[in-house]
Amino acid sequence: MHRDEDLATIATFYRRVQWTALGLGALWIVWLLAPILSPFVFAALLGWLGDPMVDRLQARGLSRNTAVILVFSTMTLLLAIAAVLMIPLLEQQIVTLVESLPRYRDWFVQVALPWVEHRTGLQILSWLDPERLFQLIREHWQSAGGVAATVLGYVSRSGFALMGWLANIVLLPVLTFFFLRDWDLLVERVGALVPRDHYDTVRRLALESNEVLGGFLRGQLTVMLILGVLYAIGLWAVGLNLGILIGLVAGLLTFVPYLGPASIVIFGGMAALVQFGDWQHLAGVAVVFTVGQIIESYWLTPKLVGDKIGLHPMAVIFAVMAGGTLFGFLGMLLALPVAAVANVLLRYAQERYRHSRLYAGETPGILLDAQPPAADEDDATDRA
């Protein structure tokens, strides 16, 4: 009997080792293929987000292909309208930014650094003196030559990088269409590969992850869009030349906790000081920031996102930074979805642990708390 139990334990152990090795191998392959996986992952996310609408249209009597064409056409039309409206505006903002760089440099050297020196006593401007910088470059010309060679090599490779980006942009709508059309088929085929004795558990975890991810991503994208437009209009109304660019960037950075609001405060405040140099426009930036935070905290996030992902803000920041470090842009794209799924798995592991013998031990199911001795008994003991 004990021999059979030992053999079963060994078989379970080897099976877990095999699954662990399979998971590590999959991560290694993803790490190797990260440079080319970005359009596939982004298209899969778009297909997954659009699949519920396709299913609803199918439930109303449309064929799968017709529903996919309608949803894909709607998504393409919305993206085209956004591009037509935003690209000329962003181009104008970038030109304004480039033209304003000398003014920002002068403000930084003539206003910001002297203020910091006066408050801290540090001699920062002496390190930024052109003669001193030229002397440092001349003394370390070999290192400078190595840096220059690196920069030139990067520039020579930038053409290939640009061609890769263009190829990804062309490939993205094609991949999105196929993911939309075949999403249910892909899910069915993946489900068929799951071991039958674990199918119910995997299905439960997959449905829970799908609910968490769907609610979070759709809500978060809506929050980013609304806040980006709100910040852009607010900073433009204040009078900042770069208000639209700063507002849109802050809206896009909202998915990282505190980074979006911090960008409004830092970049918006700096733009107000450089362009106007008075407290009135700085107060205007503060009003835009305050209104945006109130709307996000009391309306947008509770209504659209809530606590669906269940992650602490520090965990979100760590996930984004870790994903970017390990897998670059692909890692940042997958950081929050992977973190949300990992959170679902951790909750399941905690549930299993609380029902395991390791947690409960060998104690009886019902324990009576030991009652402390009565006060009169304590007195009697002391007298004795």
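Values in this document were obtained by computation on a predicted structure and should not be read as measured data. Along each chain, numbering runs from 1 in the same order as the chain's sequence is written. With pLDDT at 70 or above as the cut-off, local features in this predicted model cover only qualifying residues; side-chain atom pairs require 80 or more to be listed or tallied, and sums for whole chains, interfaces and linings still use all residues. The basis for every side-chain value is the complete set of heavy atoms in the structure, and neither hydrogens nor water enter the calculation.

Draft legend 1. Focus on the overall build of the protein. Helix and strand content of the protein: twelve helices and zero strands. Each helix (α) and strand (β) of the protein, taken in turn from the N terminus, gives the series α-α-α-α-α-α-α-α-α-α-α-α. The proportion of buried residues among the 384 residues of the protein is 26%. Here the contacts in the protein between residues at least 6 apart in sequence split such that 70% fall between residues at least 24 apart. Counting only carbon and sulfur atoms, one obtains 70% of the accessible surface of the protein, whose full area is about 26700 Å². Each helix is a run of H or I in the DSSP string that is no shorter than four residues. Each strand is a run of E no shorter than two, and both are numbered from the N terminus. Buried, partly exposed and exposed residues are distinguished by accessible area as a fraction of the type maximum, computed with a 1.4 Å probe on protein chains only: under 20%, between the cut-offs, and over 50%, respectively. In this analysis, two residues are considered to be in contact whenever any of their non-hydrogen atoms come within 4.5 Å of each other. In these tables, accessible area is a Shrake-Rupley quantity obtained with a 1.4 Å probe, and a residue counts as shielded only by the protein chains included in the view.

Draft legend 2. Fine view of a nonpolar patch on the surface. Patches draw on residues past 30% relative accessible area with no salt bridge. Two like charges within 9 Å are joined, as are two nonpolar side chains (Val, Leu, Ile, Met, Phe, Trp, Tyr) within 5 Å. Whenever Lys or Arg places a side-chain nitrogen within 4 Å of a carboxyl oxygen from Asp or Glu, that contact is recorded as a salt bridge. Taken together, the side chains of Trp 28, Ile 29, Trp 31, Leu 32, Leu 33 and Ile 36 present a nonpolar region at the surface, about 640 Å² in accessible area. As for its placement among the helices and strands, Ile 36 is situated in helix H1 (residues 2-59).

Draft legend 3. Quick peek at the packing of helix H2 (residues 64-120) against helix H7 (residues 259-275). Lines fitted to the C-alpha atoms define the axes, with helices restricted to the stretch that makes contact. Angles between their N-to-C directions range from 0 to 180 degrees. It is at 10 Å that the axes of H2 and H7 come closest, and there the two elements cross at 90°. Taken together, the axes of H2 and H7 are roughly perpendicular relative to one another. Between H2 and H7, the residues in contact are Arg 103, Tyr 104 and Trp 107 and Met 270, Ala 271, Leu 273, Val 274 and Gln 275, respectively. In terms of residue class, the contact of H2 with H7 is built from six nonpolar, one polar and one charged. Note that the term roughly parallel is reserved for angles under 35 degrees, roughly antiparallel for angles over 145, roughly perpendicular for angles of 65 to 115, and oblique for everything else. Gly is put with the polar residues, along with every residue not named as nonpolar or charged; the nonpolar set is Ala, Val, Leu, Ile, Met, Phe, Trp, Tyr, Cys and Pro, and the charged set is Asp, Glu, Lys and Arg.

Draft legend 4. Focus on empty space enclosed by the protein. Method remark: on a 1 Å grid restricted to protein atoms, a set of points is classed as a cavity if a 1.4 Å probe fits but cannot get out and as a pocket if it is open with protein on both sides within 12 Å along at least five of seven lines; lining residues have an atom within 4 Å of a point. Grid points are joined across faces, edges and corners, and a volume is the space filled by probe spheres set on the points. One pass over the structure, following the stated rule, counts one cavity of 30 Å³ or more. If you add up the space inside the largest cavity, you get close to 50 Å³. Ser 100, Arg 103, Tyr 104, Asn 241, Leu 242, Ala 271 and Gln 275 are the residues that line the largest cavity. Put simply, the parts of the chain that give the lining of the largest cavity at least two residues each are H2 and H7. If you tally residues by element for the lining of the largest cavity, the top one is H2, at three residues. Across the lining of the largest cavity, the residue classes break down as three nonpolar, three polar and one charged.

Draft legend 5. Representation of the nonpolar core. By convention a nonpolar core is built from buried Ala, Val, Leu, Ile, Met, Phe, Trp, Tyr and Cys residues, the set being connected through side-chain atoms within 4.5 Å. By size, the foremost hydrophobic cluster in this structure holds 22 residues, and its most contacted members are Trp 48, Phe 179, Leu 217, Val 320 and Leu 336. Among the secondary structure elements, those contributing two or more residues to this core are H1, helix H4 (141-192), helix H5 (199-238), helix H9 (313-327) and helix H10 (329-354). Ranked by the residues each element gives to this core, the list is headed by H10, at six residues. Those residues in contact with Val 320, other than ones at most four positions away along the chain, are Phe 255, Val 256, Met 332, Ala 335 and Leu 336.

Draft legend 6. Examining the confidence of the model for the protein more closely. What pLDDT expresses is the predictor's confidence in each residue, scored from 0 to 100. Here the protein averages 78 in pLDDT, and 78% of its residues register 70 or above. Confidence scores differ between elements of the protein, with helix H12 (residues 375-383) showing the lowest mean pLDDT of 50 and helix H6 (residues 243-252) the highest of 90. Below a pLDDT of 50 lies the segment residues 144-152, which in the model reaches one contact outside its immediate sequence neighbourhood of four places, other chains included. Considering only residues more than four positions removed or in separate chains, one finds that residues 154-158, a stretch of pLDDT under 50, has zero contacts.

Draft legend 7. Representation of the side chain of Gln 93 in the model. Positionally, Gln 93 belongs in helix H2. At 2.9 Å, the side chain of Gln 93 and the backbone oxygen of Asn 241 are in polar contact. Looking at Gln 93, its side chain comes within polar contact range of the main-chain nitrogen of Ile 244, at 3.4 Å. Two N or O atoms count as a polar contact when they lie within 3.5 Å, although within protein this holds only if one can serve as hydrogen donor and the other as acceptor, and sequence-adjacent residues are included solely when both atoms are side-chain atoms.

Draft legend 8. Structural detail: the packing of H6 against H7. Between H6 and H7, the shortest axis-to-axis distance is 8 Å and the interhelical angle comes to 165°. Comparing the axis directions of H6 and H7 gives the class roughly antiparallel. The two elements H6 and H7 meet at a crossing, and its hand is right-handed. Of the residues in H7, those in contact with Ile 246, Gly 247 and Ala 250 of H6 are Gly 260, Ser 263, Ile 264, Phe 267, Gly 268 and Ala 271. Per-class residue counts for the contact of H6 with H7 are five nonpolar, four polar and no charged. In this scheme the crossing of two helices becomes right-handed for a clockwise turn of the near helix relative to the far one and left-handed for an anticlockwise turn of less than a right angle.

Draft legend 9. Focus on the pattern of salt bridges. Counting across every chain of the model gives seven salt bridges. One salt bridge connects Asp 55 with Arg 64, and the closest N-O pair in it is separated by 3.0 Å. Under the relative-accessibility criterion, Arg 64 is labelled buried at 14%. The shortest N-O distance in the salt bridge between Asp 106 and Arg 105 comes to 3.4 Å. The exposure class of Asp 106 is partly exposed, given its relative accessible area of 31%. Taken together, the salt bridges that share partners define one network made up of Asp 51, Asp 55, Arg 64 and Asp 184.

Draft legend 10. Just H2, in detail. Here a helix's expected span is defined as the number of its residues, less one, multiplied by 1.5 Å. An ideal rise of 1.5 Å per residue puts 84 Å on 57 residues; H2 reaches only 67 Å between its terminal C-alpha atoms. Bend at a given residue is defined as the angle between two axes, one fitted to the seven residues that end at that position and one fitted to the seven that begin there. The principal kink in H2, of about 45°, is found at Ser 100, preceding the proline Pro 102 by one to four residues. Gly 121, located one to two residues past H2, shows a positive phi value of around 85°.

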